[in-house]
Amino acid sequence: MCINDVAEVVKYLPPEKRTIDRQYCDLLRYIYEKGRVVHPIHGGEARMVTGAQMRFVMANGFPVITERNLSGKLFYGALAEHIAFLHGASTLEELRRWGVPDKWWGPWVTKEKCAHFGLSEGDLGSASYGKVWVKFPTRDGGEFNQITAVVNQIRRAPHLRTHHITNFYPPETIGPPGTRRVVVAPCHGDIYINMFPKEKEIVIQHVQRSADLPVGAAFNFIQYAAFGMMLAKVLGYTFTELVYHFIDVHIYDLQYPYVEELLARKPFPFPTVTLDKDTNDIMAFRPEDFILKDYSAHPKMFIPTPI
């Protein structure tokens, strides 16, 4: 019996019955008009708010923003990065092998930036996403794979409230000077998985510590919606909702003109994304297994972000 015979991964409404989701542009507008002005470490200024939430009901479409086109290499680059981290990638070379564009991480892991944290050029660090998810240090000197552990726990006891994956390793992220071993402290990747065995449904809650809303967050929506689909596929459940929490969500001053343009664009309904693979192994998925269709969007836009 195929996994698909157990439950639909996502039960989408027909495209013509989906409502336009305005959460992204509404939050952009709120930050731009009412956000607190702060001065980040990159220089210049930013506008930010503390605490915000979006709720993406998956039946209404997969949350790829439509205010600018994220199809093609952008869509598959986001998937490649997420899947690379699921496999423990923590260097520029490893990310490159999974298909992540060099320009996404290359400027962050230069020889100079890495040396500041005692790392070799191209090394994201031992407290970066892939290392913490897959090789979390244990007290006995071993390593703990959070991804496979949480999948196994769900299979054993789906009713538990401890289905949680963390992206943070404090000793090497917020420790005293000289102990930090990560170039960019993980901004996203704190995941809570709510299982509903009776209905065979999954709700994913994602907590983002720091979010560049015009740029990074748009790709993170893709990543954690995709994670929900992968999890639903291997467990035989239906993924019904992505609840997205922001701790610090912001817009940088060099992005203000681009935000104005985004806010002038009327969004379209969300597209359909299907998962073209039957497997019980969450590590078996690849970016090309995801098929994007029914996607209408405004033209592509390059939006800068400070480094």
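Just so we're clear, the structure is a prediction, and the values are computed from it rather than from any experiment.

## Digging into the layout of surface pockets
Computed from the structure, the largest pocket encloses a volume of approximately 1600 Å³. Lining the largest pocket we find 50 residues, and of these Trp108, Asp212, Val215, Thr305 and Pro306 sit closest to its centre. Top contributing element to the lining of the largest pocket by residue count: strand E7 (residues 201–212), with five residues. For the lining of the largest pocket, the residue count by class is 27 nonpolar, 13 polar and ten charged.

## What about empty space enclosed by the protein?
This structure, assessed with the given rule, holds one cavity of 30 Å³ or more. By volume, the largest cavity is sized at about 40 Å³. Surrounding the largest cavity, Asp21, Tyr24, Phe56, Ile65, Glu67, Phe221 and Phe270 form its lining. Grouping the constituent residues of the lining of the largest cavity by class yields five nonpolar, no polar and two charged.

## Structural notes on the packing of aromatic side chains
Taken as a whole and judged by the stated rule, the model has 14 aromatic pairs. Between Phe85 and Tyr129, the ring centres sit 4.8 Å apart and the planes meet at 20°, which makes this aromatic pair stacked. Residue Phe85 is located in helix H2 (residues 73–86), and its partner Tyr129 is located in helix H6 (residues 129–134); the two are separated by 44 residues in the primary sequence. One exposure class covers both Phe85 and Tyr129, and it is buried. Among the aromatic residues, ring-to-ring pairing joins Tyr24, Phe56, Phe221, Tyr244, Phe246 and Phe270 into one connected group. Of note, Arg47 hangs over the ring of Tyr256, and the distance from its end group to the ring centre comes to 4.2 Å.

What counts and how
Throughout, a residue's number is its position along its own chain's written sequence, starting from 1. Only residues with pLDDT of at least 70 get local features here, since the model is predicted, and only at 80 or more are side-chain atom pairs given and counted; chain-wide, interface and lining totals rely on the full set of residues. Hydrogens and water are ignored here; the side-chain numbers use all heavy atoms of the structure. Definitions used throughout: a 1 Å grid over protein atoms alone; a cavity as a set of points that fits a 1.4 Å probe which cannot get out; a pocket as an open set with protein on both sides within 12 Å along at least five of seven lines; a lining residue as one with an atom within 4 Å of a point. Grid points are joined across faces, edges and corners, and a volume is the space filled by probe spheres set on the points. Put simply, DSSP H or I for four residues or longer makes a helix, DSSP E for two residues or longer makes a strand, and each gets a number counted from the N terminus. Each residue receives one of three labels: charged for Asp, Glu, Lys and Arg, nonpolar for Ala, Val, Leu, Ile, Met, Phe, Trp, Tyr, Cys and Pro, and polar for the others, Gly being one of them. Any two of the Phe, Tyr and Trp rings considered here, Trp counted by its six-membered ring, make a pair once their centres fall within 6.5 Å; the pair's planes then place it as stacked at under 30 degrees, edge-to-face at over 60, or tilted in between. Any residue under 20% of the maximum accessible area for its type is buried, any over 50% is exposed, and the rest in between are partly exposed; the area is computed with a 1.4 Å probe on protein chains only. A ring is scored as having a charge over it whenever the NZ atom of a lysine or the CZ atom of an arginine sits within 6 Å of its centre and within 35 degrees of its normal.

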